[in-house]
Amino acid sequence: MKNFLHHFREKEKVSGTEEIYESQCPFCSVQCTMKLVEERIVTRKRVSVNGTPNVTSEGRLCVKGMHAHQHHFNPKRIQTPMQRKGDAFVSITWDEAFALMKDRFESIQETDGKDAIGVYGGGSLTNEEAYLLGKFARVTLGTRFIDYNGRFCMSAAASGANDAFGMDRGFTNKLSEIPYSKCIILAGTNIAECQPTLMPYLEEAKQNGSFLIAIDPRETATTDLSDLHIKIKPGMDASFVNALLKVIINEKLVDSEFIINRTKGYEELCHHLDDSDLEQLSDVVDVPVETITEVARTFATSPTGMLLTARGVEQLAYGYDTVRNYLNLLLVTGKIGRIGCGYGAVTGQGNGQGGREHGQKADQLPGYRSIENLEDRRYVANVWGIDEGELPGKGVSAYEMMEKMDRGDLKSLFVMGSNPVVSNPNINFVEKALKSLEFLVVVDMFESETGQLADLILPSSSYLEDEGTMTNFEGRVALRKAARVRPEGVRHDWEILCQLSSVLGKGAYFQYSNPQDIFNELRLASKGGIADYSGITYDRLQAERVYWPCTEDDPDGEKRLFSESFPTKDGRASIGIVRNHVPSESVSAQYPLYLTTGRVLEHYLTGVQTRNSPGLRSRVVEPFVQIHPETAKRFGLQPHEMACLTSERGEIQLRCHVTDRIREDTLFVPFHWGGKQCINRLTSQELDPRCKMPSFKVCSVDIQPSYEKSESHVT
Ligand SMILES: Nc1nc2c(c(=O)[nH]1)N[C@H]1C(S)=C(S)[C@@H](COP(=O)(O)OP(=O)(O)OC[C@H]3O[C@@H](n4cnc5c(=O)[nH]c(N)nc54)[C@H](O)[C@@H]3O)O[C@H]1N2
Ligand SMILES: Nc1nc2c(c(=O)[nH]1)N[C@H]1C(S)=C(S)[C@@H](COP(=O)(O)OP(=O)(O)OC[C@H]3O[C@@H](n4cnc5c(=O)[nH]c(N)nc54)[C@H](O)[C@@H]3O)O[C@H]1N2
Ligand code: SF4
Ligand SMILES: [Mo]
């Protein structure tokens, strides 16, 4: 028997094949690299994955990277264009799909004008595709309505950093400087679950004696590493930082030399804080005065210090102000532009950084140029070979496009690389808005929840097939090569945009034979802009990851920003004034608890990719609500029971995870699931006036056992 098995295995090996693919993870902003080995033994297939060395994550991979190939190989991936016929989708050819889009787009624009079509992009697209999507909207369709999912992600941090420093690059330093920082503030960032392969940098900092301060309403694997955890009330960071600033100024712990030489606005800040009362602030944010004082003193007196923020403090209707106040903290203590001193807006998506630089945003042109600046418009129009006057003006933000659809101003939407009916706030409304469209096109690998509402779904290639550059959290551009040839019926996003432009009569502006051609045009379009890529070439990227800004004269790219001056008109950073914001939806008798939302390690965003990966789906099979034991008791809820959550905007049923790792007044729900259990049925559509970020991190809700709710429905 043993001999037979041995013989059988040997025979299998002989008839087997092995393919090796070098790639880069399609998920978060670290952009870990990997090698996949696909073995085929007779009829069996086995894929093994290992991390490969790279300067960012040094060869590490997290559980999502290990399983990313599972969605790529999933047979549920769509392989041909699919047209809606009644309630079902039928396969059509690409020629038919392009003919349909030509017919519908042209007729809509003839009747309702160019601006009747909107374009909606995402931070998973490569730089080349994000750039091309912006050009497609402005040149091919001639619409001003384009925006992307980064509005819900990086918009508060980006606008905050732009106004304070004159530039927004995810991290102002090299990651390898983290261990040199003697005090690190982690505000609303769960790196252990969201960028796990960066954790060793924090661990090393700790080993070097750094003091870690985590600020989060929940205990997480990240806060577990900290020396001090502030379990803050959701939505209170802006006021909390005012309290810190008050102590630092009162106790004269500021860096006067830095303030005088490198900043403006300090006097106004002091004046603004004159009337603040520490006791009162401590009450509002629910952090004792002694703790506030400890944080303020520790950070201000530390020889070096860093600040990392993420969506926990940014996804608020005053996310911009909250970020500005945290940046004030860095500026008054002079903790930027030196080794071990800097700011990281811990970027989210794989190309969350590049995706926000090259023109997917409503008011932006490539290279971080502004669509409202005449000189910028002229420059980019010239690169594109059109008249400046032909370039449309600024559009509106992602959620505001939904409002335009609902009002009938937008009749059609072209979505590439996003699943808005799960990721927008207040999706009961968004669903209605998308359903009201005359023609919805979704480009995706899967029939996502948004795809299910579409008139046409176009199949896009996956990370293993699609070549292009991604700019990671550090502001480093990395080339992801195509490891496999795309299936016959599937197209790359850039191919779809070029072919569609050609069908719509604009092919002359989209003459590229590969991503490198597009990148070369992007280099030119970004030249002289803030995000200048002109010195980066595909040749260089074969061997290295390059920091922007990078010009031919300064080919190294800037590793540490702001060491001499800030890229503002007068070279100074700006200290802003931030009021003591509190959530506009306060808890009430009807909605007595705060709801905050976010992520778990095993799933990615709206979950389309990770729920289609068996190894990840099986780890966390359903959404849940995290609730404190005392709160569960108060509301009559048992562990693992179903509960009904309600807000002003809707109602959903979720299973209870009872844990004392969350505040008693707060519930936490991850947002990786669509359909009836999507938490965005409850979240608030209130937008930040400056950056249009919604309030994903705080709204008020009620919770009840499901049976009580259903009984009360019966009576
Ligand atoms: N596993 C996984 N990793 C991911 C993603 C994913 O979906 N899954 N998505 C990627 C993307 S696009 C992004 S943007 C990043 C997001 O990365 P993070 O922003 O780190 O993730 P979140 O879970 O949204 O929020 C972080 C923390 O903020 C806390 N928080 C909530 N409200 C407040 C508050 O008022 N104040 C403070 N101080 N903290 C608060 C939450 O409890 C949570 O632990 O992750 C990226 N990486
Ligand atoms: N309640 C709540 N809501 C949130 C957040 C939160 O913390 N709480 N976070 C917000 C944040 S930070 C973000 S970034 C958004 C993300 O929101 P979305 O953009 O809607 O999320 P994804 O799941 O990344 O959607 C991407 C879709 O595009 C597909 N896709 C992936 N790669 C490609 C590609 O290269 N080409 C094409 N054509 N398709 C591709 C995927 O299969 C998926 O269906 O969600 C936001 N919504
Ligand atoms: S999800 Fe992020 S940390 Fe995990 S392997 Fe992918 S890029 Fe690396
Ligand atoms: Mo994000």
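Up top is the structure.
Quick summary incoming for the structure in this document. This one's a predicted model, so the numbers in the text were calculated from it and none came from an experiment. (Residues numbered from 1 in each chain as written. Chains lettered and ligands numbered in written order. Predicted model: local features only at pLDDT ≥ 70, side-chain atom pairs only at ≥ 80, totals over all residues. Heavy atoms only, no water.)

1. Observations concerning the overall build of the chain
Helix and strand counts for the chain come out as 24 helices and 30 strands. Relative to the globule expectation of 27 Å for 715 residues, the C-alpha radius of gyration of the chain, 25 Å, shows essentially globular dimensions. Each principal axis of the C-alpha atoms in the chain carries an extent, and together these give about 70 × 70 × 65 Å. Counting over 715 residues, the chain shows a buried share of 64%. Taking the intrachain contacts of the chain between residues at least 6 apart in sequence as the baseline, contacts between residues at least 24 apart amount to 74%. Of the accessible surface of the chain, which amounts to about 26,300 Å², a share of 47% is contributed by carbon and sulfur atoms. (Helix = DSSP H or I, 4+ residues; strand = E, 2+ residues; numbered from the N terminus. Rg over C-alpha atoms; globule rule 2.2 N^0.38 Å. Buried < 20%, exposed > 50% of the residue type's maximum accessible area, 1.4 Å probe, protein only. Contact = heavy atoms within 4.5 Å. Areas by Shrake-Rupley, 256 points an atom, 1.4 Å probe, with all protein chains shown as cover.)

2. Concerning the packing of helix 16 (residues 398–407) against helix 18 (residues 427–435)
It is the contact of helix 16 with helix 18, at a shortest axis distance of 8 Å, that shows an interaxial angle of 55 degrees. Between helix 16 and helix 18, the angle is such that the two are oblique. Classified by chirality, the crossing of helix 18 by helix 16 is left-handed. Residue-level inspection shows Tyr399, Met402, Glu403, Met405 and Asp406 of helix 16 in contact with helix 18, the latter providing Phe429, Val430, Lys432, Ala433 and Leu434. Grouping the constituent residues of the contact of helix 16 with helix 18 by class yields seven nonpolar, no polar and three charged. (Axes fitted to C-alpha atoms, helices over the stretch in contact; angles between N-to-C directions. Parallel < 35°, antiparallel > 145°, perpendicular 65-115°, else oblique. Left-handed = near helix turned anticlockwise from the far one by under 90°. Nonpolar A, V, L, I, M, F, W, Y, C, P; charged D, E, K, R; others polar.)

3. Comments concerning the nonpolar core
Judged by nonpolar contacts, the single largest core of 120 residues is most densely connected at Met101, Phe105, Phe165, Phe240, Tyr343 and Phe414. Taken domain by domain, the makeup of this core includes at least three residues from each of domain 2 (82–153 + 351–476 + 483–547) and domain 3 (155–345). Apart from the residues lying within four places of it in its own chain, the contact partners of phenylalanine 105 are Ile117, Leu141, Ser412, Phe414, Phe439, Val441, Leu500 and Leu504. Of all hydrophobic cores here, the second largest spans 54 residues; its members include Met34, Phe473, Leu645 and Leu682. (Core = buried A, V, L, I, M, F, W, Y, C linked by side-chain atoms within 4.5 Å. Domains from an automatic or database assignment.)

4. Considering helix 2 (residues 63–73)
Judged by how many residues are buried, helix 2 sits mostly within the fold: eight of 11 residues are covered. Listed in full, the buried residues belonging to helix 2 are Val63, Lys64, Gly65, His67, Ala68, His69, His71 and His72. Looking at the buried side of helix 2, the elements it contacts are strand 2 (33–41), strand 3 (44–52), helix 6 (191–194) and helix 22 (614–617).

5. Thoughts on the environment of valine 139
Here valine 139 is to be found in helix 4 (residues 127–141). Classification of valine 139 by relative accessible area gives buried; the value is 8%. Taking C-alpha positions, valine 139 is 50 Å from serine 256, a pair spaced 117 residues apart along the chain. In this structure valine 139 touches Trp384, Ile386, Lys506, Tyr509 and Phe510, once residues within four positions along its chain are discounted.

6. Some remarks on the side chain of serine 302
With respect to the element layout, serine 302 can be found in the loop between helix 12 (289–301) and strand 12 (306–309). Under the relative-accessibility criterion, serine 302 is labelled buried at 8%. With residues near it in sequence (within four places) discarded, serine 302 still touches Lys182, Cys183 and Lys335.

7. Quick look at the site of ligand 2
With respect to spatial proximity, 28 residues lie near ligand 2, and among them Asn149, Ser423, Asp444, Thr606 and Asn680 are the closest. A distance of 2.4 Å is found between an oxygen atom of ligand 2 and a side-chain nitrogen or oxygen belonging to asparagine 149. For ligand 2, an oxygen atom lies 3.1 Å from a polar atom in the side chain of glutamine 315. Starting from 910 Å² of accessible surface for ligand 2 in isolation, the protein chains cover 98%. Of the residues in the shell around ligand 2, the class split is 10 nonpolar, 14 polar and four charged. (Near = heavy atom within 4 Å. Polar contact = N/O pair within 3.5 Å; in protein donor to acceptor, adjacent residues only side chain to side chain.)

8. Some remarks on the layout of surface pockets
In this structure, the largest pocket occupies an estimated 610 Å³ of space. Residue lining of the largest pocket: 28 residues in total, with Asn162, Lys361, Asp363, Tyr368 and Arg690 positioned closest to the centre. Residues of the lining of the largest pocket, tallied by class, amount to eight nonpolar, nine polar and 11 charged. Put simply, the second largest pocket is a space of about 420 Å³. What lines the second largest pocket is a set of 18 residues, and nearest its centre among them are Gln24, Thr33, Leu479, Leu541 and Gln542. Residue assignment for the lining of the second largest pocket shows that the elements contributing at least two residues are strand 1 (17–24), strand 2 and strand 20 (476–480). For the lining of the second largest pocket, the residue count by class is seven nonpolar, six polar and five charged. Both domains that meet at the lining of the second largest pocket, namely domain 1 (2–73) and domain 2 (82–153 + 351–476 + 483–547), each give it at least three residues. (1 Å grid on protein atoms, 1.4 Å probe; cavity = no way out; pocket = protein on both sides within 12 Å on 5 of 7 lines; lining within 4 Å. Points joined across faces, edges and corners; volume = space filled by probe spheres on them.)

9. Here's the deal with the pattern of salt bridges
If you walk through the whole model with that rule in mind, you get 38 salt bridges. The partner of arginine 46 in a salt bridge is glutamate 39, with the nearest N and O atoms 3.0 Å apart. Across the salt bridge formed by aspartate 409 and arginine 407, the nearest N and O atoms sit 3.6 Å from each other. In this structure aspartate 409 comes out as partly exposed when scored by relative accessible area, which is 37%. (Salt bridge = Lys/Arg side-chain N within 4 Å of Asp/Glu carboxyl O.)

10. Notes on the pairing of strand 23 (residues 593–598)
Counting buried positions along strand 23 yields six of six residues, so the element is predominantly enclosed. Alternating residues of strand 23 divide into Leu593, Leu595 and Thr597 and Tyr594, Thr596 and Gly598, and every residue in both groups is buried. Note: strand 23 against strand 30 (residues 699–705), three bridges, orientation antiparallel. Bridged to leucine 593 within strand 30 is valine 701. (Pairing = 2+ DSSP bridges.)

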